[in-house]
Amino acid sequence: EKDRLIEIFFAWAEALRKRIQAEDYWFDYMDPSSGYPMHEPRGGSIYSTMSGIQVLLPYRVSNSGGCWLVSHPRFKTSIYPATAFTTAPLSLLEELGV
């Protein structure tokens with residue numbers, strides 16, 4: 001299931017990246033399993049999706065046997081956390097349905 005969900009995220013992120021870049025904005029997304037960006041050069045550290053969630057979002061996070069669980073307000077734990085970054089304005093993201 002995890003592999004299927006990551007492939008769905010990658011396909012969604014690639015499609016969104018193309019649309020955002022067509023508007024002359026930068027976009028990249030992280031590989032949740034490695035913590036590295038998918039298109040930009042790797043830097044000296046990795047991005048922790050879980051740390052980002054804990055700092056930026058008001059979601060409940062717990063550790064169960066070494067596996068992190070995130071509780072989304074609507075979808076509870078039926079989610080696959082992943083991260084994307086962009087310079088696109090919020091108005092464009094809303095227009096694209098993000």
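Structure shown above.
Okay, so let's go over this structure. On a predicted model such as this, the values are computed, not experimentally measured, just so you know.

## Digging into unusual backbone geometry
So, point 1. Although it is not a glycine, Asp24 adopts a positive phi angle of roughly 70°.
So, point 2. Relative to the helices and strands, Asp24 resides in the loop between α1 (2-22) and β1 (27-29).
So, point 3. Given a relative accessible area of 72%, Asp24 falls into the exposed group.
So, point 4. Although it is not a glycine, Lys76 adopts a positive phi angle of roughly 55°.
So, point 5. Among the secondary structure elements, Lys76 is positioned in the loop between β3 (67-71) and β4 (84-86).

## A look at the nonpolar core
So, point 1. Counting 12 residues, the largest nonpolar core is built from Ile6, Phe9, Phe10, Ala13, Leu16, Ile20, Phe27, Tyr29, Ala88, Leu92, Leu93 and Leu96.
So, point 2. Taken together, the elements giving at least two residues each to this core come down to α1, β1 and α3 (90-95).
So, point 3. With six residues, the single largest contributor to this core is α1.
So, point 4. Aside from chain neighbours lying at most four places away, what touches Phe10 is Tyr29, Met30, Asp31, Pro32 and Met38.

## What to know about helix α2 (residues 49-56)
So, point 1. Along α2, the positions that sit buried rather than exposed are Thr49, Met50, Gly52 and Ile53. Buried residues along α2 cover an arc of 160° about the axis, so they all sit on one side.
So, point 2. Where the residues of α2 are buried, they touch β2 (60-64) and β3.

The rules behind these values
- Residues numbered from 1 in each chain as written.
- Predicted model: local features only at pLDDT ≥ 70, side-chain atom pairs only at ≥ 80, totals over all residues.
- Heavy atoms only, no water.
- Helix = DSSP H or I, 4+ residues; strand = E, 2+ residues; numbered from the N terminus.
- Buried < 20%, exposed > 50% of the residue type's maximum accessible area, 1.4 Å probe, protein only.
- Core = buried A, V, L, I, M, F, W, Y, C linked by side-chain atoms within 4.5 Å.
- Contact = heavy atoms within 4.5 Å.
- Arc of directions from axis to C-beta.

All quantities given are derived from atomic positions and should not be read as evidence of function.
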